[in-house]
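Examination of the molecular architecture
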Amino acid sequence: MKQINSILIANRGEIASRVIRTCRKMGIKSIAVFSEADRNAPFVEQADVAVFIGESTPAQSYLDQDKIIATAKKTGADAIHPGYGFLSENVGFTQRCDKEGIIFIGPNANAIDAMGSKSKAKNLMIQHKVPVVPGYQGSDQSVELLTKEAIKIGFPVLLKATAGGGGKGMRIVHEAKGIEKAIQAAKRESMSAFGDDELIIEKYISSGRHIEFQIFGDQHGNAIHVLERECSIQRRYQKVIEESPSPIMNETLRAKMGAAAVNAAKALSYDNAGTVEFIYDDKSGDFYFLEVNTRLQVEHPVTEEVTGLDLVQMQIESAQGLPLSISQSDIKGSGYAIEVRLYAEDTANDFLPVTGTIQRFEYPDVEGLRVETAIRSESKISIFYDPMIAKIIVHDATRSSAHRKMQYVLRNLVCQGITTNQDFLLHILENKDFQAGLYDTHFIKNKLDLNAIAQKSEESKTFAGIAATLHGWNQREQKRTILKAIPSGWRNNFNDAQFEDFQFGEQEMKVQYRFNKGSFEFYVGEQTYPVKLVGADDTSIRAEIDGMQYQFNITKNGNNYYVHNENIGSVTLAQKERFPMKEAEKVAGGYNAPMPSQIIKVLVKEGDAVKSGDGLVIISSMKMENTIEAAEDGVVEEIYATEGSNVEAGFLLLKMKA
Ligand code: ADP
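Residues numbered from 1 in each chain as written. Predicted model: local features only at pLDDT ≥ 70, side-chain atom pairs only at ≥ 80, totals over all residues. Heavy atoms only, no water.

Points about the sheet that holds strand β3 (residues 49-54)
- The parallel open sheet is built from five strands, whose spatial order is β3-β2-β1-β4-β5. Of all strands in the sheet, those with a lone pairing partner are β3 and β5 (103-104), marking the two edges.
- The pairing of strand β1 (residues 6-9) with strand β2 (residues 29-35) spans four bridges and is classified as parallel. Counted as the bridge partner of I7 is S30 from β2. (Pairing = 2+ DSSP bridges. Helix = DSSP H or I, 4+ residues; strand = E, 2+ residues; numbered from the N terminus.)

Structure follows, in structure tokens:
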């Protein structure tokens, strides 16, 4: 046994933070490596040591084995934790660590190697009597033979790139017609994506559930399973929600699948954390091995929550050569856990990732809630990495009570500034079939109307419009109070309705209002809403609309308002340019009216020398007076403003020369 005193984490984001947490708990020094894009990331701050390793492109940093090994040596790291993704399942890297005398926190290189190819993996499992999906996984890869095999299996079939992974390199073929072409195309795709064109063919399970078992092994030949996770809620073959126990699980099935998972672990002399994935055929009740992920899984917190185990600690202990401290009979699940993955992606646009800055990220303080994230307000989602913002995990006594809590969290979580799948996740949680556990891997595609989720009700938009208008009003009011430029009480005889124009995508909305004796009256469409502003600060508004109080979280960025409230969810609206800049703006030394206004007083004459900050013209707009001041020293060249006249926004008031 070799004690680990320091660990280099060859990863980033939430998983780096997660590993650092356990390091600290165990008194192990954590060493982070970071790229250009991650210089200010929370995980870099959290680590005991942080080392810059290169450009943002993964190949130049998190995937650069030379740099990572060199950094481990320089910092004297005893071990490397690879997290998931990046180098976590790279046999060459594991072997290099071994050679350099650095402990790789993961299974032995042979186990990773055996699972690196879908055909090798399947053949090994067949030898060890682990049920696999009926299909072909041979070495003869001629199109003729593959075609014959596909027909023998019976349609629909699934063509999989042997070297594929992460949901990539799969193609469903529904009928014999065109199978040859499909095989050729799949081979070409696989060659270009993975540099290898070997395929396996499987019977396509049309109503399948993805159920996986956490496994654990040590270097002394022990292997156990640590219960299952149900991961059927997927889009693009990628998980978005995971739960444990699976809603279809019973003790008999768990014993059978668990035994198969342990068999798979034994077949690999597995000696660390891993996951055996199965596809469960809803129609027949049969289950089949899909693959072993030879790393810590994204969704590991679900298992930690139901078992109370720290899987990262167990990984470190196994890597030190310690025997497993628990046996199969010690593993007891308690309650129920669910994880949802909050992504920066556009549900209405085929879940394409989006990039941008998260202006604000806040979640409610709820018992039993665990949030794994590397995001804080002002964090960027860049093009370089996975667009996952956070993993939100809830643990509670029962499935329905945990679901209720998760809905509450999703309604109250504030993530503004970027398009996310927050509403989409909530929509799934609210779905009756999901709640009943009636779903398969096609649930999202077959059961949800994705366009409808992106749509907001008229009432939601109206409320968002009112909240944004109040926020803008309050901001102006704050400024006015601070500047004390205008005598108070100006609003009392304020009778004209004010307005704001907003845009929701293509749709326009006019919000009109009157403010009188401390109360507002809003007019949107045909409706009138009595409104009181109860409280406000820079990022929130508390308003009483028609007698009901609501809290709105508001972030403004440029012309965009991001409005969030537990009832309306997250609504983005753009304020239409009220005072579009006119050509006159571009006149050198020109001073323009910033908004449609009345000229109250011209304070200077042509030829006057003025100093920066001197008043030039007093204008009045919306009953507010403003003084246009000189931005720099100069001489007044020409004056166009005449007292008492009304001018448009952008009207050139006067020109100065230096
Ligand atoms: P990857 O290595 O790309 O993750 P997997 O073999 O683990 O590929 O499969 C990913 C997902 O594809 C599974 O979770 C399941 O939803 C679906 N899938 C895989 N094999 C089959 C199959 N034979 N029939 C139906 N769906 C399948």
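Resuming the write-up.
Things to note about the packing of aromatic side chains
- With the rule as written, the count across this model stands at 22 aromatic pairs.
- Ring geometry for F434 against Y439: centres 5.4 Å apart, planes inclined by 20°, an arrangement best described as stacked. The burial state of F434 is the same as that of Y439; both residues are buried.
- Aromatic rings pair up to connect W473, Y513, F515, F520 and F522 into one cluster.
- Over the face of the ring belonging to Y343 we find R235, whose NZ or CZ atom lies 4.7 Å from the ring centre.
- Of note, K510 hangs over the ring of F499, and the distance from its end group to the ring centre comes to 4.2 Å. (Phe/Tyr/Trp six-rings, centres within 6.5 Å; stacked < 30°, edge-to-face > 60°. Buried < 20%, exposed > 50% of the residue type's maximum accessible area, 1.4 Å probe, protein only. Lys NZ or Arg CZ within 6 Å of the ring centre and 35° of its normal.)

Comments concerning the site of the ligand
- Around the ligand, 21 residues are found, and the nearest of them are K118, G167, H210, Q234 and E291.
- In this structure, a nitrogen atom belonging to the ligand sits 3.0 Å away from a main-chain N or O atom of K203.
- At 2.9 Å from a nitrogen atom of the ligand is found a main-chain nitrogen or oxygen belonging to I205.
- The fraction of the free accessible surface of the ligand (550 Å²) that becomes covered by protein chains is 96%. (Near = heavy atom within 4 Å. Polar contact = N/O pair within 3.5 Å; in protein donor to acceptor, adjacent residues only side chain to side chain. Areas by Shrake-Rupley, 256 points an atom, 1.4 Å probe, with all protein chains shown as cover.)

Some thoughts on the environment of E500
- Counting through the fold element by element, E500 comes out in strand β24 (residues 498-504).
- For E500 and L425, which are 75 residues apart along the polypeptide, the C-alpha to C-alpha distance reads 32 Å.
- A distance of 2.7 Å separates the side chain of E500 from the side chain of Q575, its partner in a polar contact.

Quick look at the pattern of salt bridges
- Tallying each qualifying case throughout the model produces 47 salt bridges.
- A salt bridge links R236 to D350; the nearest nitrogen and oxygen atoms lie 3.7 Å apart. Of the two residues, R236 sits in the loop between β11 (223-235) and β12 (238-244) while D350 sits in the loop between β16 (345-346) and β17 (352-353), which places them 114 residues apart along the sequence.
- Here R370 ties to E304 by a salt bridge, and the two come within 2.7 Å at their closest N and O atoms. Note that R370 is positioned in strand β20 (residues 369-373) and E304 in helix α10 (residues 300-307), a separation of 66 residues in sequence. (Salt bridge = Lys/Arg side-chain N within 4 Å of Asp/Glu carboxyl O.)

Some remarks on the nonpolar core
- Among the nonpolar cores identified, the biggest contains 100 residues, and I80, I241, F361 and I389 are the most heavily contacted of them.
- Of the residues forming this core, the biggest block, six residues, is contributed by strand β15 (residues 336-343).
- Setting aside residues up to four positions removed in sequence, F361 forms contacts with L342, V371, T373, I375, R376, S377, I389, A390, L413, V414 and C415. (Core = buried A, V, L, I, M, F, W, Y, C linked by side-chain atoms within 4.5 Å. Contact = heavy atoms within 4.5 Å.)

Observations regarding the packing of helix α12 (residues 399-412) against helix α13 (residues 422-430)
- Interaxial distance between α12 and α13 falls to 10 Å at its minimum, and their mutual angle equals 155°. On the basis of their axis angle, the class for α12 and α13 is roughly antiparallel. The two elements α12 and α13 cross, and the hand of that crossing is left-handed. The residues of α13 that touch α12, namely those facing H403, M406, Q407, L410 and R411, are Q422, L425, L426, L429 and E430.
- Looking at side-chain class alone, the contact of α12 with α13 contains five nonpolar, three polar and two charged residues. (Axes fitted to C-alpha atoms, helices over the stretch in contact; angles between N-to-C directions. Parallel < 35°, antiparallel > 145°, perpendicular 65-115°, else oblique. Left-handed = near helix turned anticlockwise from the far one by under 90°. Nonpolar A, V, L, I, M, F, W, Y, C, P; charged D, E, K, R; others polar.)

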